Amino acid sequence: MNIYKILKLNQSIKSHRIKFLGLWLLSISNKRYLSIQFDPVLACNLRCKMCYFTDNEIVKKLKGIFKKEDLEILAKINYKNALRLQIGCGAEPTLFKHVTDIIKLGKEYKIPHISLITNGNLLTEKDVIDYSKSGLNEFILSMHGVKKESYENFMSKGDFSKFNQVLQWISDEKATNKNLSLRINYTFNVDNFFELKDFFADYGKYNIDTIQFRPIDKIGETEYNNFDLSAIENEYSAIIGELKNEAISRKITFLAPSSIKRDLNQNVVQNTNNSSYLVPYTNFYVGPDFAWKENFDWKTQTFAQWKKQNNWNFTIFKNIFISKKKLEKLNRNMLNYNVDIN
């Protein structure tokens, strides 16, 4: 299954009514449509300056680790409806000792797409091979600088050489596992944007399948707090356009917003499509002490049971008939990028 073709289809459907009709049909049929985002541990080995792990007040609240014995319970009760399992969301999953078990369980319960999002600095070559052989479909590596100086500045405690070594290990593993893919997530600001001109000169040697360029977002009182992108607005389209053309020529799926104008009220990039209207109904977050909604007991309830108890199908159905303006109040532009596939 190509998850990006599904995202592209979602983007291409302009009518929110059709989107919700399709989601409602999947829901009443108890089919797979959830994107489970699983933080097995609430900790990180780095202190990236654009991340909430540099906000002391947030870090005080981020505690907990998932019990190994609970992995099977989570899988048995909730994986039936998962279209995608993303290991790692707001923390670093490779600090968890049982990532291989998560992957194996995901495959046992036939989740079509399993990804791991990581800064990569703790991965060993053995980890890369083990995760791949266990059934991982995608490594997603985060980076905040093309050059060593900016990478290690924005990704405090990060090792630029180790990051590049991990990219090579994954590229080598992809040569033997055709079901494995590599994605790069690059978060940009006014101080690391222009070096993207050298992205393919420096990283074109690696076997990359997908690239996402995403603008800085306010996710706390972070160490780096310049959210003003006006200084790069005039050149954004040209530089991103060149990167997209190069990516497409290399058969790399390309994700980036078409505009970086800010919504001054929310301090996030304005949305240019309605792709994220479904996010509150499809993204299923799991952490050491929380899953999905406040009233959901993931240890005893199946997702189907929770839906019935909370009239979830009817909630989805009602959205077919409400206005886009009302939907936008619930939408935080989580999918404010365009998906371009060769």
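Every value quoted in this text rests on a predicted model; they were computed, and no experiment measured them.

**Q** Explanation requested: the nonpolar core in the structure shown.
**A** Most often, soluble globular proteins have nonpolar side chains that are buried together. Tyr79, Phe139, Phe199, Tyr203 and Phe213 are the most contacted members of the largest nonpolar core, which has 92 residues in total. At six residues, the largest contribution of residues to this core is made by helix α8 (residues 160-174). Grouped together as the second largest cluster of nonpolar side chains are six residues, Tyr4, Leu255, Tyr337 and Val339 included.

**Q** How should I be thinking about a nonpolar patch on the surface in this particular structure?
**A** A cluster of nonpolar side chains, contributed by Leu21, Leu25 and Ile28, occupies part of the molecular surface with about 240 Å² of accessible area. Note that Ile28 resides in helix α2 (residues 16-28).

**Q** Quick question: what am I supposed to make of a positive patch on the surface here?
**A** There is a patch of like positive charges on the surface, built from Lys8, Lys14, Arg17 and Lys324. Summarising the element assignment, Lys324 is placed in helix α14 (residues 324-328). Given the relative accessible area of 38%, Lys324 is considered partly exposed.

**Q** Where do I start with the packing of helix α5 (residues 99-108) against helix α6 (residues 125-134) in this structure?
**A** Viewed as axis vectors pointing N to C, α5 and α6 meet at an angle of 15°, and their least axial separation amounts to 9 Å. Our classification of the angle between α5 and α6 gives roughly parallel. Viewed along their axes, α5 and α6 form a crossing whose handedness is right-handed. In contact with Val99, Thr100, Ile103, Lys104 and Lys107 of α5, α6 contributes Asp130, Tyr131 and Ser134.

**Q** Explain the state of the cysteines to me, please; I cannot follow it from the model alone.
**A** Defined simply, a disulfide is a covalent bond joining two cysteines at their sulfur atoms. Tallying each qualifying case throughout the model produces zero disulfides. Here Cys51 stays free of any disulfide, with the sulfur of Cys48 as its closest cysteine sulfur at 6.0 Å. Cys89 carries a free sulfur, and the closest cysteine sulfur to it, the one in Cys51, is 11 Å from it.

**Q** Which parts of the structure should I look at to understand the pattern of salt bridges?
**A** Working definition: two side chains of opposite charge can pair if their charged atoms are close together. According to the stated counting rule, one finds ten salt bridges in the structure shown. A salt bridge links Glu57 to Lys60, with the nearest nitrogen and oxygen atoms 3.2 Å apart. With a gap of three residues between them, Glu57 and Lys60 both fall in helix α3 (residues 56-61), about one helical turn apart. Relative accessible area serves as the criterion here: at 54%, Lys60 is assigned to the exposed category.

**Q** Hey, could you run me through the environment of Lys60 in this one?
**A** Note: C-alpha distance between Lys60 and Met1 (59 residues apart in sequence) is 39 Å. Here Glu57 takes part through its side chain, which lies 3.2 Å from a polar atom of the side chain of Lys60.

**Q** Looking at this structure, I do not really get the packing of α6 against α8. What am I missing?
**A** Between α6 and α8, whose axes approach to 9 Å, the crossing angle comes to 35°. Where α6 crosses over α8, the handedness of that crossing is right-handed. Of the residues in α8, those touching α6 at Glu125, Val128, Ile129 and Ser132 are Trp169, Ile170 and Glu173. Considered class by class, the residues forming the contact of α6 with α8 number four nonpolar, one polar and two charged.

Definitions and limits used
- Residues numbered from 1 in each chain as written.
- Predicted model: local features only at pLDDT ≥ 70, side-chain atom pairs only at ≥ 80, totals over all residues.
- Heavy atoms only, no water.
- Core = buried A, V, L, I, M, F, W, Y, C linked by side-chain atoms within 4.5 Å.
- Buried < 20%, exposed > 50% of the residue type's maximum accessible area, 1.4 Å probe, protein only.
- Helix = DSSP H or I, 4+ residues; strand = E, 2+ residues; numbered from the N terminus.
- Patch = residues over 30% accessible without salt bridge, like charges linked within 9 Å, V, L, I, M, F, W, Y side chains within 5 Å.
- Areas by Shrake-Rupley, 256 points an atom, 1.4 Å probe, with all protein chains shown as cover.
- Salt bridge = Lys/Arg side-chain N within 4 Å of Asp/Glu carboxyl O.
- Lys, Arg positive; Asp, Glu negative; His and termini not counted.
- Charge placed at Lys NZ, Arg CZ, Asp CG, Glu CD.
- Axes fitted to C-alpha atoms, helices over the stretch in contact; angles between N-to-C directions.
- Parallel < 35°, antiparallel > 145°, perpendicular 65-115°, else oblique.
- Left-handed = near helix turned anticlockwise from the far one by under 90°.
- Contact = heavy atoms within 4.5 Å.
- Disulfide = S-S within 2.5 Å.
- Polar contact = N/O pair within 3.5 Å; in protein donor to acceptor, adjacent residues only side chain to side chain.
- Nonpolar A, V, L, I, M, F, W, Y, C, P; charged D, E, K, R; others polar.

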